[in-house]
Amino acid sequence: MNPGKILHQLLLNRTSGRRSFAVLVDPDKTNPPACLQLSRAALENRVDFFLVGGSLLTTTFLNSTVRTLKANSNIPVILFPGSNLHIDPSADAILLLSLISGRNPDFLIGQHVIAAPVLKKSKLEILPTGYMLIESGKPTTVSYISNTTPIPYDKPEVAACTAMAGEMLGLQLIYLDAGSGAQRPVSPRTIAAVRKSVEVPVVVGGGITTPQAAEEALQAGADVIVIGNGIEKDPNLLVEVSERISAYNKALL
Ligand code: 1GP
């Protein structure tokens, strides 16, 4: 399978060392005017991707969120689904998440079987992703809903072996997630151990609420930084993190 446009870009970035910024939008917590405002801020601050979704959606605003983001910027919109119900063909791509840190077959392959025919008919770029939950201080919605145990916070070697296995199985991205609203983000040691163990791009998110935490993740080797809650609470975080990432990328030149 040839890489689609987004994966191709991520692989090029991986080779050049360029880091990316993804803003996570939770359809339950937004509305069209807020999406419009976010689109403008994201464009001004060179955000690379929107992720849209969450492990539990309690409203029917997935489609309107995707459409509003797409109508107001050219930033690619990537679905970040919590289940096979969270598919919207009007997005650009979908993270096809296999929850490799867990041992729940439904989230390793079951949901995917149900989603496959729908995805096949869509024009969505499929991003096969090894999704790894890392313990972050307290149970998160995603650990509860997925009925899986996250990898312990202080076991970088377990995270590294899990990521290696995911890459060997052919997964194209590794996503290290402390969970939305996590008490503490994934540790730099874990990010660095995973970064050293795989060639594929490493996405890091969950509980990043300060520019310093984003910087630490960058220094440890995160290829893509994902922030949701932190920007909902403080829109200025988008500007500050974007500045850090731009400065990091400029230093590569
Ligand atoms: C959650 O990685 C994302 O899956 C982002 O988390 O909302 O805590 O930034 P936050």
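Everything quoted here is computed from the prediction, not taken from an experiment.

Cut-offs applied
- Residues numbered from 1 in each chain as written.
- Predicted model: local features only at pLDDT ≥ 70, side-chain atom pairs only at ≥ 80, totals over all residues.
- Heavy atoms only, no water.
- Helix = DSSP H or I, 4+ residues; strand = E, 2+ residues; numbered from the N terminus.
- Buried < 20%, exposed > 50% of the residue type's maximum accessible area, 1.4 Å probe, protein only.
- Contact = heavy atoms within 4.5 Å.
- Near = heavy atom within 4 Å.
- Polar contact = N/O pair within 3.5 Å; in protein donor to acceptor, adjacent residues only side chain to side chain.
- Areas by Shrake-Rupley, 256 points an atom, 1.4 Å probe, with all protein chains shown as cover.
- Nonpolar A, V, L, I, M, F, W, Y, C, P; charged D, E, K, R; others polar.
- Salt bridge = Lys/Arg side-chain N within 4 Å of Asp/Glu carboxyl O.

**Focus: the environment of N249**
Within the secondary structure layout, N249 lies in helix 10 (residues 236-252). Taking the relative accessible area as the measure of exposure, N249 reaches 13% and is therefore buried. Measuring from C-alpha to C-alpha, the distance between N249 and G17 comes to 7.8 Å, with 232 residues separating the pair along the chain. Beyond its immediate stretch of four places on either side in the chain, N249 contacts G17, R18 and R19.

**A short note on unusual backbone geometry**
The backbone of R46 sits at a positive phi, close to 55°, despite the residue not being glycine. Here R46 lies in the loop between helix 2 (32-44) and strand 2 (49-53). Notably, N147 is not glycine yet its phi reads approximately 55°, a positive angle. Within the secondary structure layout, N147 lies in the loop between helix 5 (141-146) and helix 6 (156-168).

**Some thoughts on the site of the ligand**
If you check the shell around the ligand, you find 13 residues, and the closest are D177, G181, G207, G228 and N229. Between the ligand and G181, the relevant distance is 2.7 Å, taken from an oxygen atom to a main-chain nitrogen or oxygen of the residue. In the model, an oxygen atom of the ligand is placed 3.0 Å from a nitrogen or oxygen of the G206 main chain. In isolation the ligand has 310 Å² of accessible area, and contact with the protein removes 97% of it. Along the lines of polarity and charge, the residues of the shell around the ligand split into four nonpolar, eight polar and one charged.

**Some remarks on the pattern of salt bridges**
Under the counting rule described, the total for this entry stands at six salt bridges. Measuring nitrogen to oxygen at the nearest pair gives 3.2 Å for the salt bridge that ties D48 to R18. Of the two residues, D48 sits in the loop between helix 2 and strand 2 while R18 sits in the loop between helix 1 (5-16) and strand 1 (20-25), which places them 30 residues apart along the sequence. Residue classification places D48 among the buried residues on the basis of a relative accessible area of 18%. With a closest N to O distance of 3.3 Å, E232 and K29 form a salt bridge. Of this pair, E232 sits in helix 9 (residues 229-233) while K29 sits in the loop between strand 1 and helix 2, and the two are 203 residues apart along the sequence. What makes E232 partly exposed here is its relative accessible area of 38%. Its relative accessible area of 48% is what places K29 among the partly exposed residues.

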